[in-house]
Amino acid sequence: MREIFGEAKPVTDTRSHEGFEAKRELLLSALGWFVQDRIAEKVIDRLFVFDAFRLLGHEVPHQQEIIRELNSLQSDEGTWKKGHEHYVPTTAQALFFYKRIGKTPEKSLEPFLSSIDTWEKVVEHNNRYQPDNFWGGLWGYIGCYTAFGQHPPWTDTFLEEANSRFDEWASDNHQRSHLIDCFRQLHKSIPRREELIALTLQDQLPDGHWTAEHWNPALPQTTFAIATLKILDREGAPETDEAIARGLSFIDRCFKIVRWHGKEYGGYAQEPDAPYPDPLATSLAVIAHMHPEQLEELTGYGE
């Protein structure tokens, strides 16, 4: 990240150890910086930054400029591919952003939807572009439909596969959290909740963070696990609350303040030892600190 931040200097002071609410203004400054100076380079990172603004109760700045840019990046088949050859969750995230601000993308998604209108086509496409993230990637394909208030034509087959192959996705933090999101998008009951809670609790590492097999930056995986526990255990069992608190404590150790051109910005790094805030990590840290009801509002689909 050093080349991105250029002359920005890390700042060490007691504010790094204050509670989340006390960091709000520093966070808003950093989120604005990420947008205005294009520090969030990947489209999907920028889209998560936009979500963080909303969760903090602020409108996304420069919306007209952002819409023009997103429209210019949309492919003829209606998808957004920048940052990955074809990472379908980017397209789903973009569609949800348009929906939340009451706008419509410039191009239709129909050409892409016609290429994933059977389960066999989805499996082939997902295996081609995300061979190590099959279950984790499926939420993007489902989101491309649910963003328009529709269910995929292969929903029944997906549910059968997800239920019969439970152990494949339930044993990995990344896959598990994203499959839970798929069930919620489709307004379907999440299977075997108590097992999923137990697996999530047992996967937490001694310092409070979670990891995953194929994509394992500490802060994002910790946010995914915290969100999983908040969604699955609404009653707040003591062991669940303790695990969430330990996870949030780990995330708070990732908070960094930097000074650039005389102004200070505060955000979260991917790891506690990293010196600079990261756009995706900062956005996900905001999500991790939200109440379950706010997580429902973020996604807009609930159960």
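Remember, it's a predicted structure, so these values are computed and weren't measured experimentally.

K.L.:
I'd like a rundown of the nonpolar core, residues and numbers included.
P.N.:
Of all hydrophobic cores here, the largest spans 94 residues; its most connected members are L138, F158, W169 and Y268. When near neighbours in sequence (up to four residues on either side) are disregarded, W169 contacts W135, A162, Q175, R176, L179, F183, P191 and L196.

K.L.:
I'd like a description of the packing of aromatic side chains, backed by residues and values.
P.N.:
Think of a pair of aromatic rings as described by two things: how far the centres are apart, and how the planes are tilted against each other in angle. One pass over the full model with this rule turns up 15 aromatic pairs. Measuring from ring centre to ring centre gives 5.0 Å for F166 and W169, while their planes differ by 70°; the resulting arrangement is edge-to-face. Of this pair, F166 and W169 both sit in helix α10 (residues 166–170), three residues apart, roughly one helical turn. The lysine or arginine in question, K23, covers the ring of F255, its NZ or CZ lying 4.6 Å from the ring centre. The lysine or arginine in question, R192, covers the ring of F166, its NZ or CZ lying 3.8 Å from the ring centre.

K.L.:
I'd like to hear about the packing of helix α8 (residues 134–146) against helix α11 (residues 173–185), residue by residue, with values.
P.N.:
Two elements in contact, α8 and α11, have axes separated by 7 Å at closest approach and are oriented at 25°. Viewed along their axes, α8 and α11 adopt a mutual orientation that is roughly parallel. In this structure, α8 crosses over α11, and the sense of that crossing is left-handed. Contacts from F134, W135, G136, L138, W139, I142, G143 and T146 of α8 reach α11 at H174, Q175, H178, L179, C182 and Q185. Residue composition of the contact of α8 with α11, grouped by class: seven nonpolar, seven polar and no charged.

K.L.:
Residue-level account of the pattern of salt bridges, with values.
P.N.:
Scanning all chains against the criterion turns up 13 salt bridges. R176 is the salt-bridge partner of D203, the closest N and O atoms lying 3.1 Å from each other. Pair noted here: D203 is in helix α12 (residues 193–203) and R176 is in helix α11, with a separation of 27 residues, a long-range link. Since its relative accessible area comes to 25%, D203 is described here as partly exposed. R184 is paired through a salt bridge with D181; the nearest N and O atoms lie 2.9 Å apart. Residue R184 and its partner D181 are located together in helix α11, separated by three residues, close to a single helical turn. Residue classification places R184 among the buried positions, given a relative accessible area of 1%. The network of salt bridges with common partners includes E161, R165 and E168.

Rules used throughout
Residues numbered from 1 in each chain as written. Predicted model: local features only at pLDDT ≥ 70, side-chain atom pairs only at ≥ 80, totals over all residues. Heavy atoms only, no water. Core = buried A, V, L, I, M, F, W, Y, C linked by side-chain atoms within 4.5 Å. Buried < 20%, exposed > 50% of the residue type's maximum accessible area, 1.4 Å probe, protein only. Contact = heavy atoms within 4.5 Å. Phe/Tyr/Trp six-rings, centres within 6.5 Å; stacked < 30°, edge-to-face > 60°. Helix = DSSP H or I, 4+ residues; strand = E, 2+ residues; numbered from the N terminus. Lys NZ or Arg CZ within 6 Å of the ring centre and 35° of its normal. Axes fitted to C-alpha atoms, helices over the stretch in contact; angles between N-to-C directions. Parallel < 35°, antiparallel > 145°, perpendicular 65-115°, else oblique. Left-handed = near helix turned anticlockwise from the far one by under 90°. Nonpolar A, V, L, I, M, F, W, Y, C, P; charged D, E, K, R; others polar. Salt bridge = Lys/Arg side-chain N within 4 Å of Asp/Glu carboxyl O.

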